[in-house]
Amino acid sequence: MKYLIAEDEIDLQQSIAQYLTRDGNICEVASDYHEASDKIYIYDYDIIILDINLISGSGLDILKILKKEKKSAGVIIISANNSLNDKLEGLDLGADDYMTKPFHLAELNSRITAVLRRGKFGGKDLIEFHEISIDTKSRTAYVNGKSILLTKKEYDLLVFFISNKGRVLSKEIIAEHLWGDHSDLLDNFDFIYVHINNLRKKLTAEGAKYIKTAYGSGYKFIED
């Protein structure tokens with residue numbers, strides 16, 4: 001999954017990022033309101049961890065931007081303020097959860113899992129698309145009940161494709177999802193073809209032929 005951590009307490013920001021990247025997630029950070037707003041205009045995220053009291057602006061205004069831009073990211077507000085009014089306003093503006101500082105990182109991780117389960121995966125730990133099923137807890141993929149061995153990037157690609165089935169995904173979008181901010185430093189996207197080709201071969205070998213090339217545009221995950 002791809003996360004944005006909008007938090008101006010740098011020590012806390014880095015602690016959250018380090019904790020969440022242990023499971024292979026991509027974590028981008030923003031240290032003030034302007035950096036956070038710039039990132040959400042440009043990029044898409046699965047989860048945004050949002051400090052309500054950012055330097056140079058309010059996290060509540062970030063929520064308004066997300067709503068205006070029709071972004072689908074799940075949002076967890078974190079704040080030192082335990083005010084009921086702030087909680088209600090944040091939730092009314094579209095936040096999925098609210099945590100008061102200090103908190104345990106393990107609890108934050110559990111809250112993130114719950115938000116993802118409710119939002120992207122319809123309340124389930126199991127993602128299913130015809131004969132393909134993915135256990136998001138064990139990060140294991142199956143075709144017709146048979147497990148298939150995927151690399152981390154191949155697994156992330158498969159989840160990304162199924163979560164965006166029917167949508168044309170450009171190489172730039174795929175690279176940005178898999179590598180975050182670092183994708184801007186890449187000279188070309190040839191490696192994307194390698195990862196997609198390897199995933200397609202493994203799925204096709206089991207009869208799951210859903211990754212299609214949209215020539216000149218990117219790739220699409222659709223039924224035959």
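Our subject is the structure listed above.
In this report, the structure presented in the accompanying data block is examined. (Residues numbered from 1 in each chain as written. Predicted model: local features only at pLDDT ≥ 70, side-chain atom pairs only at ≥ 80, totals over all residues. Heavy atoms only, no water.)

## Description of the pattern of salt bridges
Where side chains of opposite charge bring their charged atoms close, a pairing between them can arise.
Working step 1: By the definition in use, this model includes 13 salt bridges.
Working step 2: Here Glu7 ties to Lys101 by a salt bridge, and the two come within 3.0 Å at their closest N and O atoms. Taken together, the residues span a long stretch of sequence, with Glu7 in the loop between strand 1 (2-6) and helix 1 (10-21) and Lys101 in the loop between strand 7 (97-100) and helix 5 (105-119) at a distance of 94 residues. This pair shows no difference in class: Glu7 is buried, exactly as Lys101 is. (Salt bridge = Lys/Arg side-chain N within 4 Å of Asp/Glu carboxyl O. Helix = DSSP H or I, 4+ residues; strand = E, 2+ residues; numbered from the N terminus. Buried < 20%, exposed > 50% of the residue type's maximum accessible area, 1.4 Å probe, protein only.)

## Points about the sheet that holds strand 9 (residues 132-135)
Working step 1: In spatial order, the strands read 8-9-10-11; together these four strands make up an open sheet with antiparallel pairing. This sheet does not close on itself; its edge strands, each paired only once, are strand 8 (126-129) and strand 11 (146-148). On average, adjacent strands in this sheet sit at an angle of 25 degrees to one another, irrespective of strand direction.
Working step 2: With four bridges joining them, strand 8 and strand 9 adopt antiparallel strand pairing. In the strand pairing of strand 9, Glu128 is matched with Ser133.
Working step 3: Running over the sheet, helix 6 (residues 152-163) touches strand 8, strand 9 and strand 10 (140-143) and is turned about 115 degrees from strand 9. (Pairing = 2+ DSSP bridges. Axes fitted to C-alpha atoms, helices over the stretch in contact; angles between N-to-C directions. Contact = heavy atoms within 4.5 Å.)

## Brief notes about the sheet that holds strand 1
Working step 1: The parallel open sheet is built from five strands, whose spatial order is 2-1-3-6-7. Edge positions in the sheet fall to strand 2 (26-30) and strand 7, since each has one partner strand and no second. Adjacent strand axes in the sheet meet at a mean angle of 20 degrees when their direction is disregarded.
Working step 2: Examined bridge by bridge, strand 3 (residues 47-51) and strand 6 (residues 74-79) share five bridges and lie parallel to one another. Paired with Ile49 across the strands is Ile76, a residue of strand 6.
Working step 3: With respect to the sheet, helix 1 is in contact with strand 1, strand 2, strand 3 and strand 6, its orientation differing from that of strand 2 by roughly 170 degrees.
Working step 4: Contacts from helix 7 (residues 171-179) reach strand 1 and strand 2, with the element oriented near 85 degrees to strand 2.

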